[in-house]
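These are the residues of each chain, in order.
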Amino acid sequence: GCLKAGKVQEAAELIEDAYGLNGKERVLPHGQNISPETLESVMHALGQRGLAEKVGFPLIANLRAAKVPVNGRLMTSAFDVDVKFPPRQQGRGRQGIQGKARQQDKAAAA
C-alpha cells in the first residue's frame, strides 16, 4: 500500500506503530512479526529516497532494541540503490586514485 503510493516514510511509521517503537503502544500482537521481505522492501525504498541514514538506520536500531527478529539482509537493503557514476574522462580509463598517484610520481621523477 504505502510503498506503491510512494509514501515511504509513512511505511516506516507503520512499522514503528506495529511494534510499539518510540514510546508508542504496540499494535501487532506479540508473537507476530512483519515479514522480512516487507521490512527489506521498506528499507530499500528508504535507501532509494536518501532516507536510510535519517529514517532507516534508526528504525533498524529500534527494532533490534525491541528484540524484533532482524535478518542480515535488512541492513544491506538500505544500501541497495542505483549509484550513478560520472562519465569517464577521455584517456583516463579506470585507473582510480592509485593509478593517478603513480602517474604523478612518474611525472615528478622525470
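Structure first, text after, so check above.
Below you will find a few notes about this structure. (Residues numbered from 1 in each chain as written. Predicted model: local features only at pLDDT ≥ 70, side-chain atom pairs only at ≥ 80, totals over all residues. Heavy atoms only, no water.)

1. Side note on helix α3 (residues 52-65)
Heads up, the rule is: The classification of residues rests on relative accessible area computed with a 1.4 Å probe and restricted to protein chains. Under 20% of the type maximum is buried, over 50% is exposed, and intermediate values are partly exposed. Helix and strand definitions follow DSSP, with helices as H or I runs of at least four residues and strands as E runs of at least two, each counted in order from the N terminus. This arc is taken over the directions from the axis of the helix to the C-beta atoms.
For α3, the complete set of buried residues consists of Ala-52, Val-55, Gly-56, Leu-59, Ile-60 and Leu-63. Viewed along the axis of α3, the buried residues span an arc of 120°, placing them on a single side of the element. Turned more than 90 degrees away from the buried face of α3, the exposed residues are Glu-53, Lys-54 and Ala-65. Once α3 ends, the next one or two residues include Lys-67, with phi positive near 65°.

2. Overview of the packing of helix α1 (residues 8-19) against α3
Packed helices, taken two at a time, are described by the angle their axes make and the gap between the axes. Rule in force here: Inter-axis angles, ranging from 0 to 180 degrees, are taken between N-to-C directions of lines fitted to C-alpha atoms, where helices are fitted over the stretch in contact. Roughly parallel here means an angle under 35 degrees, roughly antiparallel means over 145, roughly perpendicular means 65 to 115, and every remaining angle is called oblique. Throughout, a residue-residue contact means that at least one pair of heavy atoms, one from each residue, lies within 4.5 Å. Side-chain classes are defined by residue name, with Ala, Val, Leu, Ile, Met, Phe, Trp, Tyr, Cys and Pro counting as nonpolar, Asp, Glu, Lys and Arg as charged, and the others, Gly among them, as polar.
Two elements in contact, α1 and α3, have axes separated by 11 Å at closest approach and are oriented at 10°. By the criterion of interaxial angle, the relationship of α1 to α3 is roughly parallel. Contacts between α1 and α3 pair Gln-9, Ala-12, Ile-15, Glu-16 and Tyr-19 from the former with Val-55, Leu-59 and Leu-63 from the latter. Looking at the contact of α1 with α3 residue by residue, the classes come out as 6 nonpolar, 1 polar and 1 charged.

3. Quick look at unusual backbone geometry
Look at Asn-22: it is not a glycine, yet its phi comes out positive at around 55°. By the secondary structure assignment, Asn-22 is in the loop between α1 and α2 (36-48). Positive phi is not limited to glycine here, since Lys-67 has a value of about 65°. Examined against the element boundaries, Lys-67 turns out to sit in the loop between α3 and α4 (72-79).

4. Thoughts on the packing of α1 against α2
To keep things clear, this is the line we draw: Handedness of a crossing is defined here by the sense of rotation of the near helix relative to the far one, left-handed for an anticlockwise turn of less than a right angle and right-handed for a clockwise turn.
At their nearest, the axes of α1 and α2 sit 9 Å apart, and the two run at 140° to each other. As the angle between them shows, α1 and α2 are arranged oblique. Relative to α2, the crossing made by α1 is left-handed. Contacts from Val-8, Ala-11, Ala-12 and Ile-15 of α1 reach α2 at Leu-39, Val-42, Ala-45 and Leu-46. For the contact of α1 with α2, a count of residues per class yields 8 nonpolar, no polar and no charged.

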